[in-house]
Amino acid sequence: MKASLNFFTNFELRKILKKESKIMDRIYLDNAATTPLSEEVIDAMVDVMKTNYGNPSSTHSLGQEAKILIENVRRQVADYLHVTPAEIIFTSCGTESNNMIIKSCVNHLGVERIITSPMEHKCVAETVLDMKKRRGVEVVYLRPDQKGDFDLIQLEEIIKSSDKKTLVTLMHANNEIGNLLDLKKVAEMCKANKVLFHSDTVQSMAHMEMDFSQIPLDFASCSAHKFHGPKGSGFAFIRKASGLKVIITGGPQERSLRAGTENVCGIVGLGKALEISLNNMDQYSSHIKEIKKYTKERLLSEVDGVKFNGRSAEEETSLYTVLSVLLPFKDPMIGLKLDMKGIAVSQGSACSSGATKPSMVMMMILDEDEIENCTPLRISFSHLTTKEEIDTLVDALQEIAVSFNIEKTNVEHR
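Note that the structure is predicted; figures quoted are calculated from it, not measured.

(A) Highlighting the pairing of strand β3 (residues 113-116). Of the two faces of β3, the one carrying Arg113 and Ile115 and the one carrying Ile114 and Thr116 are both buried. In terms of strand pairing, β3 meets strand β4 (residues 138-141) through four bridges, oriented parallel. Considered in β4, the bridge of Thr116 is made with Tyr141. In this fold, β3 hands off to helix α5 (residues 122-135), which returns the chain to β4; that crossover is right-handed.

Next up, the structure:
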C-alpha cells in the first residue's frame, strides 16, 4: 500500500509540474527506447484488425487470408536479410527473441560456455546469468576499453582457450553509446573456430543494410518498435539447420518453435514499418546524420566541458541514431527537469531508467571522477527530429548548467 501511495504522489506531482510549466508541444529525443508509430503503419494494422480477423491456423478462407499476410511479411524480412523465409521466426520483441535463442542454445544445443560482455542489454545479460545459475554454464566476459570497443584478438584467444561448446553473444549496436561491432569479422571468427554466434541487432535492424548471406552469424533479433512499428512485434533470425528447438510449447506455429496464435496485425505492422524504413533509408539516414552533427556542434558551442561517450560522436564507428553525452556536472534529476520543459530524453537504457546509479555501460567506460561528478545523457534521433528541437534542448541544458554553476558557487562561498 505504501508503494502505491508513493507512486500516486509522484504521479500527481508530475501532473502539477507539467500543468504549471504550461507545456504545449512535446519534443521526443528518446528514439532508442521506442519510436512513434508511422501513420501508414497504423492504417495497415487497423485494416487488418477490421478485415483479417481469422486465425492463421484455421483451414477456412478467413484463416488462410491471415496466414498469407504473415508469410508475405516473412518473405519481406527474409529478402531484406538475404536469407530464407524459414529462418525468420516472429516473436513479441527482441527480449523474447534473445531469450529463446540463448536458452535453447544451452538447453538443446549443448552450449556449456557463453562469451559475452558487461555492456549487453539486460535481456541478454540476465538471461546469460540465468543459464549460469540454472544450468551451470561458464560465463566469460570480454571487457571493453574506455571507448567501449572490444579487442577482437582477445576475443579469439578466449574462444580458443577451451574445448567446451561455446556461444558468443555480442550486440551489434550498443543501445546506450551507439558503438558498432564489426559483425562480419566476429561472425567469420566464430565460424572459423566452430562456435555459435548470436547478436542482439535490435538497435541497428532497419536502420542499415543487413546481408546475412555475407555475414555468417547464427542468430539475431529484432523489435519493430525501434523503427516506427508496433510494440509487441519482433522476430528472431535462426540460421537453417542450427538445431534450435522449441521454448514455448502448445502448437505448430512459427515452424513449431513458438507456439501460440500469431499476432497478425502486429506482424503486418512490422512489415509495413520495415518497408517504409527500407524505401527511405538513404533519406532518413542522411537527415539523422545531419541532425546528430548539428547536435554535437551546438552542445560543444554552448555547454562548456561537455564530452561524448564511447564512439557515439564518430560517424563511421557508431550508429547514427544515438549520441551519448557526458555533461560536466552531477544532476540525477536532469531527466525530470528536461521533462518539465517538454523534452523527452533518457539517461541510458529504458530498461534501467529507474536506477539511481550509473548503468553497467557507463561503469565500464567512465572513470571514477566522471561517475562522481558528471551526468550521462542519451539523445536518440529519428527522421522526425528537427534542428529547432535540438536548439530547444541545448538551450534547456545550457540553462540547467548555468543554474548548477550558480548553485555550486553559492555553496562554495558559504
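We are not done yet, so read on.
(B) Representation of the environment of Met205 in the model. Looking at the element boundaries, Met205 is found in the loop between β6 (196-199) and β7 (219-223). A residue is classified by how much of its surface remains accessible, and Met205, at 1% relative accessible area, is buried. Separated by 125 residues in sequence, Met205 and Tyr80 place their C-alpha atoms 9.9 Å apart. Residues within four places of Met205 in sequence aside, it is in contact with Tyr80, Leu81, Met210, Ser221, Cys222, Phe227 and Phe235.

(C) Spotlight on the side chain of Ser204. Inspection of the secondary structure puts Ser204 in the loop between β6 and β7. Using a relative accessible area of 0% as the deciding quantity, one classes Ser204 as buried. There is a polar contact of 2.7 Å between the side chain of Ser204 and the side chain of His172. Look past the residues within four positions of Ser204 in its chain and what remains in contact with it is His172, Ala173, Met210 and Leu319.

(D) Structural view of the pattern of salt bridges. For the coordinates displayed, the defined rule picks out 23 salt bridges. Ionic pairing is found between Lys67 and Glu71, a salt bridge with its closest N-O pair at 3.7 Å. Of this pair, Lys67 and Glu71 both sit in helix α3 (residues 61-81), separated by four residues, roughly a single helical turn. Here Lys67 falls in the partly exposed class, since its relative accessible area comes to 26%.

(E) How the structure looks around the nonpolar core. Core analysis: the biggest nonpolar cluster contains 52 residues, and Leu81, Ile88, Leu155, Val168, Phe197, Phe212 and Phe235 have the highest contact counts within it. Mapped onto this core, the elements with two or more residues apiece are α2 (39-51), α3, β2 (88-91), α6 (152-160), α7 (183-192), β7, β8 (234-238) and α8 (264-279). For this core, the leading source of residues is α8, giving eight residues. Not counting chain neighbours up to four residues away, the residues in contact with Val168 comprise Ile115, Leu155, Ile159, Cys190, Val195, Leu196, Phe197 and His198. Judged by nonpolar contacts, the second largest core, of 28 residues, contains Val306, Phe308, Leu327 and Val345.

(F) Looking closely at the packing of α2 against α8. Between α2 and α8, the shortest axis-to-axis distance is 8 Å and the interhelical angle comes to 150°. Here α2 lies roughly antiparallel to α8, going by the angle between them. Of the two possible hands of crossing, α2 and α8 adopt the one that is right-handed. Contacts from Glu40, Val41, Ala44, Met45, Val48 and Met49 of α2 reach α8 at Val264, Cys265, Gly266, Val268, Gly269, Lys272, Ala273 and Ile276. Split by residue class, the contact of α2 with α8 holds 10 nonpolar, two polar and two charged.

Definitions and limits used
Residues numbered from 1 in each chain as written. Predicted model: local features only at pLDDT ≥ 70, side-chain atom pairs only at ≥ 80, totals over all residues. Heavy atoms only, no water. Buried < 20%, exposed > 50% of the residue type's maximum accessible area, 1.4 Å probe, protein only. Helix = DSSP H or I, 4+ residues; strand = E, 2+ residues; numbered from the N terminus. Pairing = 2+ DSSP bridges. Right-handed = clockwise from strand over helix to strand, strands pointing away. Contact = heavy atoms within 4.5 Å. Polar contact = N/O pair within 3.5 Å; in protein donor to acceptor, adjacent residues only side chain to side chain. Salt bridge = Lys/Arg side-chain N within 4 Å of Asp/Glu carboxyl O. Core = buried A, V, L, I, M, F, W, Y, C linked by side-chain atoms within 4.5 Å. Axes fitted to C-alpha atoms, helices over the stretch in contact; angles between N-to-C directions. Parallel < 35°, antiparallel > 145°, perpendicular 65-115°, else oblique. Left-handed = near helix turned anticlockwise from the far one by under 90°. Nonpolar A, V, L, I, M, F, W, Y, C, P; charged D, E, K, R; others polar.

Scope: geometric values only; no functional claims are made or implied.
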